[in-house]
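One-letter residues, chain by chain:
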Amino acid sequence: MRRLTDEEISNEVAGLSGWKLDEKFIMKKYRFKEFLTGVAFVNSIANLSEVKNHHPFISIDYKMVTLKLTSWHAGGITDLDIALAKQYDALYEKHN
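Residues numbered from 1 in each chain as written. Predicted model: local features only at pLDDT ≥ 70, side-chain atom pairs only at ≥ 80, totals over all residues. Heavy atoms only, no water.

### Examining the overall build of the protein
The helix and strand tally for the protein stands at 3 helices and 4 strands. Reading the protein from its N terminus to its C terminus gives the helix and strand order α-β-β-α-β-β-α. Seen through its C-alpha atoms, the protein measures out along the principal axes to roughly 40 × 25 × 20 Å. Counting all 96 residues of the protein, 39% fall into the buried class. (Helix = DSSP H or I, 4+ residues; strand = E, 2+ residues; numbered from the N terminus. Buried < 20%, exposed > 50% of the residue type's maximum accessible area, 1.4 Å probe, protein only.)

Have a look at this one:
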């Protein structure tokens, strides 16, 4: 896991659909048609996060799921955060 420079973070986030830089985090909001579909998505995120041993902040607000990623041990955003953001987007496509 390598902490990214500010320039690398900007470049990587620009290449991610819907992800934004929020202080020390990258974050994205996912909207679902049904509440339980969002919950199923969160369960998929939780399972993948356990496998990777890297866990996002997750907020469920009815049909909206917000994810925030950072790497505390590295002191910022890493290549793992970017890789997981891409994998979370792929999971969203399966659930939406």
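Don't stop here, the text continues.
### Observations regarding the side chain of Ser 71
With respect to the element layout, Ser 71 can be found in the loop between β4 (64-69) and α3 (79-95). Among the polar contacts made by the side chain of Ser 71, one reaches the side chain of His 54 at a distance of 3.4 Å. A polar side-chain atom of Ser 71 sits 3.0 Å from a polar atom in the side chain of Thr 78. Excluding residues within four positions of it along the chain, Ser 71 makes contact with Met 1, His 54, Gly 76, Thr 78 and Asp 81. (Polar contact = N/O pair within 3.5 Å; in protein donor to acceptor, adjacent residues only side chain to side chain. Contact = heavy atoms within 4.5 Å.)

### Details of the sheet that holds strand β3 (residues 57-61)
Across the sheet, which stays open at both edges, the 4 strands sit in the order β1-β2-β4-β3 with antiparallel pairing between neighbours. Looking at which strands have only one partner, the edges of the open sheet turn out to be β1 (20-22) and β3. With direction set aside, neighbouring strand axes in the sheet form an average angle of 25°. Pairing of β3 with β4 involves 5 bridges; the strand directions are antiparallel. Its bridge partner lying in β4, Ile 58 is registered against Leu 67. (Pairing = 2+ DSSP bridges. Axes fitted to C-alpha atoms, helices over the stretch in contact; angles between N-to-C directions.)

### A look at the environment of Leu 84
The residue Leu 84 is located in helix α3 in this model. For Leu 84, a relative accessible area of 0% translates into the label buried. Those residues in contact with Leu 84 that sit more than four places away from it in its chain are Leu 48, Lys 52, His 54 and Leu 69.

### Let's talk about helix α2 (residues 35-52)
One turn of the α-helix equals 3.6 residues, which is why residues spaced by three or four share an orientation. End to end, α2 covers 26 Å across 18 residues, agreeing with the expected 26 Å (1.5 Å per residue, within 8%). Every buried residue of α2 is accounted for by Gly 38, Phe 41, Val 42, Ile 45, Leu 48 and Ser 49. Buried residues of α2, seen end-on, are gathered within an arc of 125° and therefore sit on one face of the element. Away from the buried face of α2 by more than 90 degrees, exposed residues Leu 36, Asn 47, Glu 50 and Val 51 are located. Buried residues in α2 make contact with β2 (25-31), β3, β4 and α3. Backbone geometry just after α2 places Asn 53 at a positive phi near 55°. (Expected span 1.5 Å × (residues − 1). Arc of directions from axis to C-beta.)

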